[in-house]
Amino acid sequence: QVQLVESGGGLVQAGGSLRLSCAASGSIWGINDMDWYRQAPGKQRELVAAISSSGRTNYAGSVKGRFTISGDNAKSTVYLQRNSLQPEDTAVYYCAAEVAPYSDFRTHHCWGQGTQVTVSS
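This text gives an overview of the structure that appears in the document. Here the structure is a predicted model, which is why all the values come from computation and not from measurement.

### What to know about the pairing of strand β11 (residues 115-120)
Here is the key point about a regular strand: its side chains alternate between the two faces of the sheet.
Part 1 of the argument: Burial of the side chains of β11 is restricted to one face: Thr-115, Val-117 and Val-119 are buried, whereas none of Gln-116, Thr-118 and Ser-120 on the reverse face is.
Part 2 of the argument: Judged from the four bridges that link them, strand β2 (residues 10-13) and β11 form a sheet pairing that is parallel. Within β11, the position partnered with Gly-10 by the bridge is Val-117.
Part 3 of the argument: With three bridges joining them, strand β9 (residues 91-101) and β11 adopt antiparallel strand pairing. Residue pairing in the sheet places Ala-91 in a bridge with Val-117 of β11.

What follows is the structure, encoded as structure tokens:
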């Protein structure tokens, strides 16, 4: 079984920074995209940032210039560095990945359990 485990959430003041990590574990043959989503109270889950296996990145307009996604292929880990945090960045942040396990070599879309980030004004 493949698992995605996020860490690094918490409480931060407006203007502060936090880095989220997401590590994929299990019998993994390959990983394609790794993404970060967030869901604020009463809102739909939205894509925040994505990184492909080749390192190509993509960001939502609301975080471009403030958030940076990066990956460590050797550790099967993706990071989200978030600077200049604002109260509207408060949300549960989820990691997602397209993962192919050794069990079937087929790509499966996997989700982490989510980590809460609260930005106080």
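### Things to note about the pattern of salt bridges
Part 1 of the argument: Counted according to the given criterion, the structure contains three salt bridges.
Part 2 of the argument: One salt bridge in this structure joins Asp-89 and Arg-38, with 2.9 Å as the shortest N-O distance. Linking Asp-89 in the loop between β8 (77-82) and β9 with Arg-38 in strand β4 (residues 28-39), this pair joins segments that are 51 residues apart in sequence.
Part 3 of the argument: For Asp-89, a relative accessible area of 1% corresponds to the buried category.
Part 4 of the argument: Note on Arg-38: relative accessible area 7%, which makes it buried.
Part 5 of the argument: With a shortest N-O distance of 2.8 Å, Arg-66 and Asp-89 are connected by a salt bridge. Of this pair, Arg-66 sits in the loop between β6 (57-59) and β7 (67-72) while Asp-89 sits in the loop between β8 and β9, and the two are 23 residues apart along the sequence.
Part 6 of the argument: For Arg-66, a relative accessible area of 18% corresponds to the buried category.
Part 7 of the argument: Through salt bridges with shared partners, a single ionic network connects Arg-38, Glu-46, Arg-66 and Asp-89.

### Quick word on the sheet that holds strand β1 (residues 3-7)
Part 1 of the argument: The sheet built from four strands is open, its strands ordered β1-β3-β8-β7 with antiparallel pairing. Taken across any chain shown, the strands that pair with only one partner, and hence form the sheet edges, are β1 and β7. Mean inter-strand twist for the sheet, computed between neighbouring axes without regard to direction, equals 15 degrees.
Part 2 of the argument: Sheet topology note: the strand β3 (residues 18-25)/β8 ladder contains six bridges and is antiparallel.

### Notes on the state of the cysteines
Part 1 of the argument: Tallied over the entire structure, the rule returns one disulfide.
Part 2 of the argument: The disulfide partner of Cys-22 is Cys-95, and the S-S distance across this bridge is 2.1 Å. Given an S-S torsion of about -80 degrees, the disulfide between Cys-22 and Cys-95 has left-handed geometry. Pair noted here: Cys-22 is in strand β3 and Cys-95 is in strand β9, with a separation of 73 residues, a long-range link.

### A short note on a nonpolar patch on the surface
Part 1 of the argument: Together, Trp-29, Tyr-102 and Phe-105 make up an exposed nonpolar region whose accessible area comes to about 370 Å².
Part 2 of the argument: One can find Tyr-102 in the loop between β9 and β10 (108-111).
Part 3 of the argument: Assessed through its relative accessible area of 45%, Tyr-102 is described here as partly exposed.

Conventions we followed
- Residues numbered from 1 in each chain as written.
- Predicted model: local features only at pLDDT ≥ 70, side-chain atom pairs only at ≥ 80, totals over all residues.
- Heavy atoms only, no water.
- Buried < 20%, exposed > 50% of the residue type's maximum accessible area, 1.4 Å probe, protein only.
- Helix = DSSP H or I, 4+ residues; strand = E, 2+ residues; numbered from the N terminus.
- Pairing = 2+ DSSP bridges.
- Salt bridge = Lys/Arg side-chain N within 4 Å of Asp/Glu carboxyl O.
- Axes fitted to C-alpha atoms, helices over the stretch in contact; angles between N-to-C directions.
- Disulfide = S-S within 2.5 Å.
- Patch = residues over 30% accessible without salt bridge, like charges linked within 9 Å, V, L, I, M, F, W, Y side chains within 5 Å.
- Areas by Shrake-Rupley, 256 points an atom, 1.4 Å probe, with all protein chains shown as cover.

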